Amino acid sequence: MTIPIDAHANPSSPAGISGDVAGMLRIIGRGARGSRGLDREQARWLMDHILRGEVSDTQRGAVLLALRMKGETPDELLGFLDAVESGMPRLRLTRPVVVIASVNGARKLVNQVPLLCLALRRCGVATLVIGQEHDDSRLHTTTLWSELHLPRAQTLHEAESLLQSHEPVYLDVAVLSPGLAALMSQRRELGVRNAGHTLVKLLAPVSGPSLLLSGFTHGEYGPMMQQVLDARGRTALVLHGCEGEAVPHPSRQTPLFWVCPPAGFLPVAELAHDPAATAVLPPLGTDLQASCAWTRSAVDGDLALPTALNRFVALICDAVHAINLQVAEVDDKSLP
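Residues numbered from 1 in each chain as written. Predicted model: local features only at pLDDT ≥ 70, side-chain atom pairs only at ≥ 80, totals over all residues. Heavy atoms only, no water.

*Asks:* Is there a simple way to think about the overall build of the protein in this case?
*Replies:* Tallying secondary structure elements over the protein gives 15 helices and eight strands in all. Taking 2.2 N^0.38 as the reference for a compact globule, 336 residues should give roughly 20 Å; the C-alpha atoms of the protein span a radius of gyration of 20 Å, in line with that estimate. The buried share of the protein, reckoned over its 336 residues, is 52%. Split by element, the accessible area of the protein, about 14500 Å² in all, is 51% carbon and sulfur. A distance of 4 Å separates the average location of the 29 positive side-chain charges in the protein from that of its 34 negative side-chain charges. (Helix = DSSP H or I, 4+ residues; strand = E, 2+ residues; numbered from the N terminus. Rg over C-alpha atoms; globule rule 2.2 N^0.38 Å. Buried < 20%, exposed > 50% of the residue type's maximum accessible area, 1.4 Å probe, protein only. Areas by Shrake-Rupley, 256 points an atom, 1.4 Å probe, with all protein chains shown as cover. Lys, Arg positive; Asp, Glu negative; His and termini not counted. Charge placed at Lys NZ, Arg CZ, Asp CG, Glu CD.)

As structure tokens, this is what we get:
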């Protein structure tokens, strides 16, 4: 099948787009045994038209469900990411920032993402949290963030200003990519997450140095996300997080997949299991007020940080320090 990706194509023709999407569905929608993956250019073309709203609701839903059942390939994720990032603005920063996509939320255990960001602020490390409003049964970071009165940016300029002051900042994904936000919102109609929820975890919309923290739930996604981020040359830490968020679980080994670690930094492969730490991470789940009170108590020092989270903070600070040294070395070499 020839995909219209060059100047000879007519991407404005709805009939042409529909026919090509149907052809792609014949590739990815043939079930567990018959389905094949799209190549990177095909995936980019498909996602580009989806993001621009040029694919019908029926075909968009069919694509998302077919990918969900088949499972995305690294080439497909790279092509989708090419499309998402091609028109995405970037934050202009002069110091390294930690980027965290938080779209899973808490179901059983307390949501640790705001606490992680506050602990990093205490160490002088700024964090950018990218998320989305949800109306499901989980306690999402955006809700807890607001209850804790943490900074939310409505514009890129506002986010840049806050991050330069070492503040943790929440930014809705719609500010970066309305098309990706709409794609993720399809979960309400389809009942399951889609490729958009993986793509948002691969974004680091910063023009300067950054460390991306990306969590996953299903084991096969760790090495695949590592492969995709490595192909992008992005400094990142991918981990089997707590309920899918980019924070360590308190009572199990947490595998860590490093991507392009900074020079001079020795990455570790996992955070050690600490059975005694479960007592300091209560099963608050979706209880907003209890989660807020627990987070404030940990920030104020009335409660100790969960052991695994404390180790995680130290690890991130070491990585950011190494990034700073690497940036300084590059700057010194560029001087006349």
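The discussion continues.
*Asks:* Would you mind showing me how to read the pairing of strand 5 (residues 210-216) here?
*Replies:* Within a regular strand, side chains alternate between the sheet's two faces. For strand 5, the tally of buried residues reaches seven of seven residues, placing the bulk of the element in the interior. Of the two faces of strand 5, the one holding Ser210, Leu212, Ser214 and Phe216 and the one holding Leu211, Leu213 and Gly215 are both buried throughout. Judged from the four bridges that link them, strand 1 (residues 97-102) and strand 5 form a sheet pairing that is parallel. Counterpart to valine 97 in the pairing with strand 5 is serine 210. By the bridge criterion, five bridges tie strand 5 to strand 6 (residues 236-240) in an arrangement that is parallel. Across the sheet, leucine 213 pairs through a bridge with leucine 237, a residue of strand 6. Remark: the strand 5/helix 13 (residues 221-232)/strand 6 crossover connection has right-handed handedness. (Pairing = 2+ DSSP bridges. Right-handed = clockwise from strand over helix to strand, strands pointing away.)

*Asks:* So what exactly am I meant to see when it comes to the pairing of strand 7 (residues 254-259) here?
*Replies:* Counting buried positions along strand 7 gives five out of six residues, so the element sits mostly inside the fold. Here strand 6 pairs with strand 7 via four bridges, running antiparallel. Its bridge partner lying in strand 7, alanine 236 is registered against valine 259. Pairing geometry for strand 7 and strand 8 (residues 270-271), over two bridges, is antiparallel. Paired with proline 255 across the two strands is glutamate 270, which belongs to strand 8.

*Asks:* For this particular structure, what's the right way to read the packing of helix 3 (residues 40-51) against helix 5 (residues 74-86)?
*Replies:* For any two helices packed against each other, the geometry is given by the interaxial angle and the distance between the axes. One way to put it is that helix 3 packs onto helix 5 with a least axis distance of 7 Å and a crossing angle of 40°. Overall, the two elements helix 3 and helix 5 adopt an arrangement that is oblique. The crossing of helix 3 and helix 5 is right-handed. Of helix 5, the residues touching helix 3 (which contributes Arg40, Ala43, Arg44, Met47, Asp48 and Leu51) are Asp75, Glu76, Leu78, Gly79, Phe80, Asp82, Ala83, Val84 and Ser86. (Axes fitted to C-alpha atoms, helices over the stretch in contact; angles between N-to-C directions. Parallel < 35°, antiparallel > 145°, perpendicular 65-115°, else oblique. Left-handed = near helix turned anticlockwise from the far one by under 90°. Contact = heavy atoms within 4.5 Å.)

*Asks:* What's the story with the environment of aspartate 300 in this structure? I'm lost.
*Replies:* Here aspartate 300 is to be found in helix 14 (residues 288-300). A relative accessible area of 60% places aspartate 300 in the exposed class.

*Asks:* Is there a simple way to think about the sheet that holds strand 8 in this case?
*Replies:* By way of backbone hydrogen bonds, the strands of a sheet pair with one another, either parallel or antiparallel. With mixed pairing, the eight strands of this open sheet are ordered in space as 3-4-2-1-5-6-7-8. The open sheet has two free edges, formed respectively by strand 3 (152-153) and strand 8, since each of these has just one partner strand. Two strands pair when backbone bridges link them, and strand 2 (residues 127-131) and strand 4 (residues 169-172) are joined in this way by four bridges, in the parallel orientation. Pairing of leucine 128 across the sheet is with valine 169, part of strand 4. Packing against the sheet, helix 6 (residues 113-122) makes contact with strand 1, strand 2 and strand 5, and its axis sits at approximately 160° to strand 2. Across the sheet, helix 13 lies against strand 5, strand 6 and strand 7, angled at about 15° from strand 7, the strand it touches most.

*Asks:* What should I look at first to understand the pattern of salt bridges in this one?
*Replies:* In a structure, side chains of opposite charge can pair up when their charged atoms sit close to one another. On inspection of all chains with the given rule, the structure shows 11 salt bridges. Here glutamate 85 makes a salt bridge to arginine 232, at a shortest N to O gap of 2.2 Å. Of the two residues, glutamate 85 sits in helix 5 while arginine 232 sits in helix 13, which places them 147 residues apart along the sequence. One continuous salt-bridge network, built from bridges that share partners, spans Arg40, Asp82, Glu85, Arg232 and Arg234. (Salt bridge = Lys/Arg side-chain N within 4 Å of Asp/Glu carboxyl O.)

*Asks:* Explanation requested: the nonpolar core in the structure shown.
*Replies:* As a rule of thumb, soluble globular proteins bury nonpolar side chains together. Ranked by internal contacts, the top residues of the largest apolar core, which has 63 residues, are Met47, Leu180 and Val200. Counting residues in hydrophobic clusters, the runner-up holds 44 residues, among them Leu118, Trp258, Leu271 and Ile316. (Core = buried A, V, L, I, M, F, W, Y, C linked by side-chain atoms within 4.5 Å.)

*Asks:* I tried to follow the environment of threonine 127 on my own but got confused; where do I start?
*Replies:* Among the structural elements, threonine 127 can be located in strand 2. Judged by relative accessible area, threonine 127 falls into the buried class, the value being 0%. Once the C-alpha coordinates of threonine 127 and leucine 212 are considered, the two residues, 85 residues apart in sequence, prove to be 9.7 Å apart. Non-local contacts of threonine 127, meaning those with residues more than four positions away in its chain, are made with Val97, Val98, Cys117, Leu120, Leu163, Glu167, Pro168 and Val169.

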